[in-house]
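Structural overview
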Amino acid sequence: MNDEVYHQEGMGKRNSVESVSQARSMAANGFKKNYGTAYDEDNEDNSCCSVIITLFSYILVFLTLPLSIWGCIKVVQEYERAVIFRLGRLKSGGAKGPGLFFIIPCIDTYRCVDLRTGAFDVPPQEILTRDSVTVNVDAVVYYQVSNPLAAICNNDDYNRSTRLLAATTLRNVLGTRNLSEILSDRESIADSMHQTLETATDPWGVHVDRVEIKDVRLPLQMQRAMAAEAEATRDARAKVIASEGEQKSSKALKEAADIIASSPAALQLRYLQTLHSISAEKNSTIIFPLPMELIGAFEEEDNTATVRRRKKEKHSN
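Presented here is a report on the structure given in the accompanying data block. Here the structure is a predicted model, which is why all the values come from computation and not from measurement.

The rules behind the values
Residue positions within a chain follow its written sequence, with the count starting from 1. It should be noted that, the model being predicted, local features are given only for residues of pLDDT at least 70 and side-chain atom pairs only at 80 or more, the latter also being counted only at that level, while totals for whole chains, interfaces and linings use all residues. Note that water and hydrogens are dropped before the side-chain values are worked out from all heavy atoms of the structure. Only buried Ala, Val, Leu, Ile, Met, Phe, Trp, Tyr and Cys residues count toward a nonpolar core, and they belong to the same one when joined by side-chain atoms within 4.5 Å. For every residue, the accessible area obtained with a 1.4 Å probe (protein chains only) is divided by the maximum for its type, and the residue is called buried under 20%, exposed over 50%, and partly exposed between those limits. Working definition: helices are DSSP H or I runs of at least four residues, strands are E runs of at least two. Numbering for both runs from the N terminus. By definition, residues are in contact when any of their heavy atoms lie within 4.5 Å. Here, any two strands with at least 2 DSSP bridges between them count as paired. Axis geometry follows a simple rule: fit a line to the C-alpha atoms, using only the stretch in contact for helices, then measure angles between N-to-C directions, giving values from 0 to 180 degrees. Should an angle fall under 35 degrees it is taken as roughly parallel, and over 145 as roughly antiparallel, whereas 65 to 115 is taken as roughly perpendicular and any remaining angle as oblique. Crossings are classed by handedness, with left-handed meaning an anticlockwise turn of the near helix from the far one by less than a right angle and right-handed meaning a clockwise turn. In this scheme Phe, Tyr and Trp rings, the latter by its six-membered ring, pair at centre separations within 6.5 Å, and the angle between planes marks the pair as stacked below 30 degrees, edge-to-face above 60, and tilted otherwise. As used throughout, the charge tally considers Lys and Arg to be positive and Asp and Glu to be negative, leaving His and the chain termini uncounted. One side-chain nitrogen of Lys or Arg within 4 Å of one carboxyl oxygen of Asp or Glu is enough to make a salt bridge. For the purposes of these results, a polar contact is taken to be a pair of N or O atoms within 3.5 Å, where, inside protein, one atom must be able to donate a hydrogen and its partner to accept one; residues adjacent in sequence count only when each atom of the pair is a side-chain atom.

**Describing the nonpolar core**
Note on soluble globular proteins: their nonpolar side chains tend to be buried together. Grouped together as the largest cluster of nonpolar side chains are 36 residues, with contacts concentrated most on Val122, Val135, Val137, Val141, Leu170 and Ile213. Counting residues per element, the ones that place at least two in this core are strand E2 (80–86), strand E6 (118–128), strand E7 (134–145), helix H4 (148–153), helix H5 (158–174), helix H6 (179–184), helix H7 (186–201) and strand E8 (206–217). When neighbours within four sequence positions are excluded, Val122 is seen to be in contact with Asp138, Ala139, Val141, Ala166, Ala167 and Leu170. Counting residues in each nonpolar core, the second largest holds 5 residues, with Val76, Ile84, Phe101 and Ile103 among its members.

**A few points about the sheet that holds E8**
Ordered in space as E6-E7-E8, the 3 strands form an open sheet in which the pairing is antiparallel. Across the chains shown, the open sheet's two edge strands, defined by having one partner strand only, are E6 and E8. The average undirected angle you get between the axes of adjacent strands in this sheet is 25 degrees. Here E7 pairs with E8 via 10 bridges, running antiparallel. Within E8, the position partnered with Gln144 by the bridge is His207. Strand contacts of H5: E6, E7 and E8, with the helix running at about 35 degrees to E6, the strand carrying the most contacts.

**What to know about the sheet that holds strand E5 (residues 108–114)**
Spatial ordering of the open sheet is given by E3-E2-E5, a layout of 3 strands whose pairing is antiparallel. In this open sheet, the two edge strands, each paired with only one partner strand, are strand E3 (89–90) and E5. Both E2 and E3 contribute to a ladder of 2 bridges, which runs antiparallel. Bridging from a neighbouring strand, Arg86 pairs with Arg89 of E3.

**Some words on the packing of H5 against H7**
Interhelical geometry of H5 versus H7 gives an angle of 140 degrees and a closest axis separation of 10 Å. Here H7 runs oblique to H5, going by the angle between their axes. As H5 packs across H7, the resulting crossing turns out to be right-handed. Contacts between H5 and H7 pair Thr162, Leu165, Ala166, Thr169, Leu170, Val173 and Leu174 from the former with Ile189, Ser192, Met193, Thr196, Leu197, Ala200 and Thr201 from the latter.

**Examining the packing of aromatic side chains**
As enumerated under the stated definition, the model contains 2 aromatic pairs in all. Ring centres of Phe101 and Tyr110 lie 5.5 Å apart, and the angle between their planes is 80 degrees; this geometry places the pair in the edge-to-face category. Judged by relative accessible area, Tyr110 falls into the partly exposed class, the value being 32%. For the pair Phe120 and Tyr143, a centre-to-centre distance of 5.5 Å together with 65 degrees between the ring planes defines the contact as edge-to-face. With Phe120 in strand E6 and Tyr143 in strand E7, this pair connects stretches of sequence that are 23 residues apart. Judged by relative accessible area, which is 3%, Phe120 ranks as buried. A residue is classified by how much of its surface remains accessible, and Tyr143, at 8% relative accessible area, is buried.

**Structural notes on the pairing of E6**
The pairing of E6 with E7 spans 9 bridges and is classified as antiparallel. Following the sheet pairing, Val122 is matched in E7 by Ala139. What sits between the antiparallel neighbours E6 and E7 is a turn of 5 residues, in which Ser132 has the positive phi angle 65 degrees.

**Looking at the side chain of Arg81**
Note on placement: Arg81 falls in strand E2. For the buried Arg81, no salt bridge exists, and the shortest N-O distance to an oppositely charged side chain is 5.2 Å, to Glu78. A polar contact of 3.1 Å, which involves the side chain of Arg81, links it to the backbone oxygen of Glu78. Contacts of Arg81, omitting those with residues within four sequence positions, involve Ala95, Lys96, Gly97, Pro98, Arg111, Cys112, Val113, Leu115 and Pro148.

**Structural notes on the side chain of Gln125**
Here Gln125 shows up in strand E6. Within polar-contact distance, the side chain of Gln125 engages the side chain of Arg171 at 3.3 Å. Those residues in contact with Gln125 that lie beyond four places of it in its chain are Val135, Asn136, Val137, Ala167, Leu170 and Arg171.

**Digging into the pattern of salt bridges**
Enumeration over the complete set of coordinates arrives at 7 salt bridges. The salt bridge involving Asp138 is made with Arg217; its shortest N-O contact spans 3.8 Å. Of the two residues, Asp138 sits in strand E7 while Arg217 sits in strand E8, which places them 79 residues apart along the sequence. On the basis of relative accessible area, Asp138 is assigned to the buried category, the value being 7%. Between Arg217 and Asp215 there is a salt bridge, and its shortest N-O distance comes to 3.5 Å. Asp215 sits in the partly exposed class, given a relative accessible area of 29%. A cluster of three or more residues bridged by salt bridges with shared partners is formed by Asp138, Asp215 and Arg217.

See below:
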């Protein structure tokens, strides 16, 4: 009876030591279990069955040599890693590869994980912005597997999970922005999505390299309204610039007129300069400058005659 108790205690200690060593190996590989409410069961029956099945598998492989060697040797590429499970449990030592590795066909299964950077398009999402405008936005996400053990053990399909999370994150981030921010601050939106995805996918062993906003599609009526608004803004700005130019030109003309009025000879020089510029164009136009004083004399005579006529009309009446 005492021998059986000692034997059970020894088996329990050995199972606990094996579980601790396996946990340390997983921790060394950067893998943390994320199984929710699941737990590891280490009992005597499971350990004894595992030892017996493993022993018979080795004997079977040895008896069927050299044919069995072709089922034991596997190859993974430089950009791949193999995650091996023995009797349903994750084998210690981390992911295997690249190159050759050995498995026992009867008790071992493995899954290969591609470590290359992949990309996928986020489907166009119809989003209601903070200022109640409906837009369609799509994006592209670049990602890669950083921890093969976590990618296989902590998620049933890390590709699909990452795609769905990217679509949801795009809707959540853009739903808190105005239309003007979405159109002008694409880099900040992409950075916010990148940080959110990086934090959420880290337990899955997935690293998000970058996120880019591809296109923002507005409704046709909104495009027409924005085009009309932009055109009206440009017209108003053009009118303001034209009025400022008129104001500056009128000030310059007033200053020029004051200078010419202070010197009568300046007007004659201006006449000559105008004649020179006209003659340089090689046209048949002939211009005779007429002094303004002569016209002024005629105007004075006309004014005097008009005054006399009015006086005569008054006397006659």
